[in-house]
Amino acid sequence: MSEAISVHQLQARQPSHVTVATASLIGTAIEWYDFFLYGTAAALIFNKLFFPTFDPMMGTLLAFATYALGFIARPLGGVVFGHYGDKIGRKTMLYLTLLIMGAATAAIGFLPTYETAGIGAAVLLVTCRLIQGFGLGGEWGGAVLMAVEHAPADKKGFYGSWPQLGAPLGLVLGTLVFSVVSAMLTDAQLLAWGWRIPFLFSIALVLVGLWIRFTIAESPEFQKVKDTKQDVKMPIVEAIRMYPKNILLAMGARFAENGFFYIYATFVLAYATQSLGMNKQDMLNGVLIGAAIETFTIPAFGALSDRLGRRPIYIFGAVFSALTSFPLFMLLATKNPQYAWIAIVLGLAIGHAAMYGPQASFLSELFGTKVRYSGVSLGYNLASIFAGALSPLIATGLMTAYAPATWPISLYMIALALITIVSVYFATETRKIVQA
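With an unreviewed UniProt entry as reference, the protein is termed MFS transporter, source organism Bradyrhizobium nitroreducens. UniProt's Subcellular location (unreviewed entry) comment on the protein is quoted here verbatim: "Cell inner membrane".

In structure tokens form, the structure reads like this:
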């Protein structure tokens, strides 16, 4: 009797889907702050701090290489946290991923540089980046599933887009903090010690995130699986066995979304400042504006996918992104900050947002509840290796090989979009599908 009462009381205390979506959003924003902060630093200063013996472009390439390593660790994190997320629960995993990400980011703020530790500094940087990637690999799946599985059936696209806001908010927060520190200090001070401040600031953010996540309840859809004893022994194996096609399609769907985002958020910073000689602060402001506007367009596209379907909105975003790949470099070539901002806003707030808004619900609905954390994490994070991790590296390599021509980079971006368009076209429309 006491057990029945406690269960009833627990259900009565369950927060609304709005509260859960908000908690998922805030926690995800903190984790993306940690991840994107590294990207900003890699684009602007890590070449000087950790790879100073190389020429600036090669140093940037090496900095982006360490940036890419974080993506390589993400599938491992997705597998580990996906397994336990489907066995133990979504909520517990979200505590662990936030702690791991926060600890790794804060540790970067304490690292010695090449000047004091030589190559050992780069090794430590890589280690922290791998830990970051491992934590984030489990974060996304848990956060979006909490939002989607708590949401009403006819609003999963909208509420599923809330944790997606964590990416642009994290980018805004990371870029803003970096911009403020950069503006308040001289270049010498920034390189000497100022660059550490944004990384150490992560400690305060993580404490806030842990407190907020403590307030949310476990996913009702997952709890139903546990209560009816439908959970499986090896979720990741079952996900691969039951949904091999959907895992591949989920990967393909992410190529344009993931690749384009990191080209706009990291590569463009390095290209505009180093190759075109544009002002660093002007470019940071452009990313800030684009990401800030995207915080409104992501839920708008998510809500639209509840009415029109996930696939049409997603394909629109990929097509739009492909069409802007050549205009991006035309606008940047003017060296006019306002034109550069237009290019970044179009890429982030329309092209990327149209894919990222419905993505959480779309990918989640491709898998059944009992293996959903494993399936969605595997498809999502494997794509990150081939898209987000490599896109700044490939773009920088193409820029180095073909400079001053930029058309090879535009063609590469179009190729990413085509992979996504084909993958989403062959995927099932999931808007009205309820997976068991």
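Participant: Let's hear about the overall build of the protein: which residues, and what values?
Facilitator: Helix and strand counts for the protein stand at 23 helices and 0 strands. Taken over the C-alpha trace, the protein has a radius of gyration of 21 Å; the compact-globule value for 436 residues is 22 Å, and the two agree within 12%. Overall, the C-alpha framework of the protein stretches about 70 × 45 × 35 Å when taken along its three principal axes. Within the span of the protein, comprising 436 residues, buried residues form 59% of the whole. Looking at the protein alone, contacts between residues at least 24 apart form 88% of all its contacts between residues at least 6 apart.

Participant: Tell me about the domain arrangement of the protein, and name the residues and values.
Facilitator: One can read the domain layout of the protein as domain 1 (13–220) and domain 2 (232–435). In this structure, domain 1 and domain 2 have C-alpha centres spaced 18 Å apart. Each side of the interface is counted separately: domain 1 has 59 residues, and domain 2 has 63 residues. Taken together, domain 1 and domain 2 are joined by 1 salt bridge.

Participant: How would you sum up the packing of aromatic side chains? Please name residues and give values.
Facilitator: If you walk through the whole model with that rule in mind, you get 17 aromatic pairs. A ring pair is formed by tryptophan 140 and tyrosine 380, whose centres lie 3.7 Å apart and whose planes are at 10°; its orientation type is stacked. Taken together, the residues tryptophan 140 in helix α8 (residues 119–150) and tyrosine 380 in helix α21 (residues 372–386) connect sequence positions 240 residues apart. A single burial state applies to tryptophan 140 and to tyrosine 380, both of which are buried. Ring geometry for phenylalanine 301 and phenylalanine 316: centres 6.3 Å apart, planes at 40°, overall tilted. Taken together, the positions of phenylalanine 301 in helix α17 (residues 280–308) and phenylalanine 316 in helix α18 (residues 310–323) put the pair 15 residues apart, joining distant regions of the chain.

Participant: Run through the side chain of arginine 196, naming residues and quoting values.
Facilitator: For arginine 196, the position within the fold is in helix α12 (residues 196–200). Buried charge without a partner: arginine 196 forms no salt bridge, and the closest opposite charge is glutamate 115, 8.8 Å away. Of note is the side chain of arginine 196, whose polar atom sits 3.0 Å from the backbone oxygen of glycine 109. Not counting residues within four places of it along the chain, the set of residues in contact with arginine 196 comprises Ile108, Gly109, Phe110, Leu111, Pro112 and Thr113.

Participant: Tell me about the pattern of salt bridges, and name the residues and values.
Facilitator: The tally for this structure, following the rule as stated, stands at 7 salt bridges. Salt-bridge contacts for glutamate 238 lead to arginine 241; the nearest nitrogen and oxygen are separated by 2.7 Å. Here the residue glutamate 238 and the residue arginine 241 both occupy positions in helix α15 (residues 235–242), the gap between them amounting to 3 residues, near one helical turn. Arginine 241 sits in the exposed class, given a relative accessible area of 56%. When the shortest N-O distance is used, the salt bridge between glutamate 365 and arginine 310 registers 2.9 Å.

Participant: I'd like to hear about the nonpolar core, residue by residue, with values.
Facilitator: With 117 residues, the main nonpolar core has Trp32, Ile45, Phe46, Ile108, Met283 and Leu332 as its most contacted residues. The dominant element in this core, judged by the number of residues it contributes, is helix α16 (residues 244–275), at 19 residues. Excluding residues that lie within four positions of it along the chain, phenylalanine 46 makes contacts with Tyr38, Ala41, Phe51, Ala63, Ile108, Leu125, Trp195 and Phe199. In terms of nonpolar packing, the next biggest core, distinct from the first, is built from 7 residues, Ala23, Ala143, Met146 and Ile212 among them.

Participant: Could you give me a rundown of α21, with the residues and numbers involved?
Facilitator: With 15 residues, α21 extends 22 Å from end C-alpha to end C-alpha; this agrees with the ideal 21 Å at 1.5 Å per step. The element α21 is largely enclosed, with a buried count of 13 among its 15 residues.

Participant: Please set out helix α22 (residues 390–402) residue by residue, giving values where relevant.
Facilitator: Between its terminal C-alpha atoms α22 stretches 18 Å, which fits the 18 Å expected from 13 residues at 1.5 Å a residue. Along α22, the residues classified as buried are Ser391, Pro392, Ala395, Thr396 and Met399. Here the buried residues of α22 occupy an arc of 130° about the axis, which is enough to place them on one side.

Participant: I'd like a rundown of the environment of leucine 111, residues and numbers included.
Facilitator: Locating leucine 111 in the fold gives a position in the loop between α6 (90–108) and α7 (114–117). Along the primary structure leucine 111 and leucine 348 are separated by 237 residues, whereas in three dimensions their C-alpha atoms are 32 Å apart. Ignoring sequence-local partners within four residues, the contact set of leucine 111 consists of Leu124, Leu125, Cys128, Trp195 and Arg196.

Participant: Pulling in residues and values, what's your account of a nonpolar patch on the surface?
Facilitator: On the surface, Phe326, Met330, Tyr402, Trp407 and Leu411 cluster together into a nonpolar patch covering about 530 Å² of accessible area. For the nonpolar patch, the secondary structure elements donating two or more residues are α19 (325–333) and α23 (407–426). By the secondary structure assignment, tyrosine 402 is in helix α22.

Participant: Kindly report on the packing of α16 against helix α20 (residues 337–364), identifying the contributing residues and their values.
Facilitator: For the pair α16 and α20, interaxial distance at closest approach is 10 Å and the crossing angle is 150°. The chirality of how α16 crosses α20 is left-handed. Here Ala250, Ala253, Arg254, Ala256, Glu257, Phe261, Tyr264 and Val268 of α16 come into contact with α20, specifically with Ala343, Ile344, Gly347, Leu348, His352, Met355, Tyr356, Gln359, Phe362 and Leu363. Taken together, the residues of the contact of α16 with α20 sort by class into 13 nonpolar, 3 polar and 2 charged.

Participant: Before we move on, could you go through unusual backbone geometry and cite the residues and values that matter?
Facilitator: Following alanine 403, the chain continues to proline 404 via a peptide bond in cis, the omega torsion being 10°. Residue position: proline 404 is located in the loop between α22 and α23. Despite not being glycine, lysine 335 shows a phi value in the positive range, around 60°. The topology assignment puts lysine 335 in the loop between α19 and α20.

Procedures and definitions
Residues numbered from 1 in each chain as written. Predicted model: local features only at pLDDT ≥ 70, side-chain atom pairs only at ≥ 80, totals over all residues. Heavy atoms only, no water. UniProt positions renumbered as here; feature names shortened; annotations may be inferred. Helix = DSSP H or I, 4+ residues; strand = E, 2+ residues; numbered from the N terminus. Rg over C-alpha atoms; globule rule 2.2 N^0.38 Å. Buried < 20%, exposed > 50% of the residue type's maximum accessible area, 1.4 Å probe, protein only. Contact = heavy atoms within 4.5 Å. Domains from an automatic or database assignment. Salt bridge = Lys/Arg side-chain N within 4 Å of Asp/Glu carboxyl O. Phe/Tyr/Trp six-rings, centres within 6.5 Å; stacked < 30°, edge-to-face > 60°. Lys, Arg positive; Asp, Glu negative; His and termini not counted. Polar contact = N/O pair within 3.5 Å; in protein donor to acceptor, adjacent residues only side chain to side chain. Core = buried A, V, L, I, M, F, W, Y, C linked by side-chain atoms within 4.5 Å. Expected span 1.5 Å × (residues − 1). Arc of directions from axis to C-beta. Patch = residues over 30% accessible without salt bridge, like charges linked within 9 Å, V, L, I, M, F, W, Y side chains within 5 Å. Areas by Shrake-Rupley, 256 points an atom, 1.4 Å probe, with all protein chains shown as cover. Axes fitted to C-alpha atoms, helices over the stretch in contact; angles between N-to-C directions. Left-handed = near helix turned anticlockwise from the far one by under 90°. Nonpolar A, V, L, I, M, F, W, Y, C, P; charged D, E, K, R; others polar.

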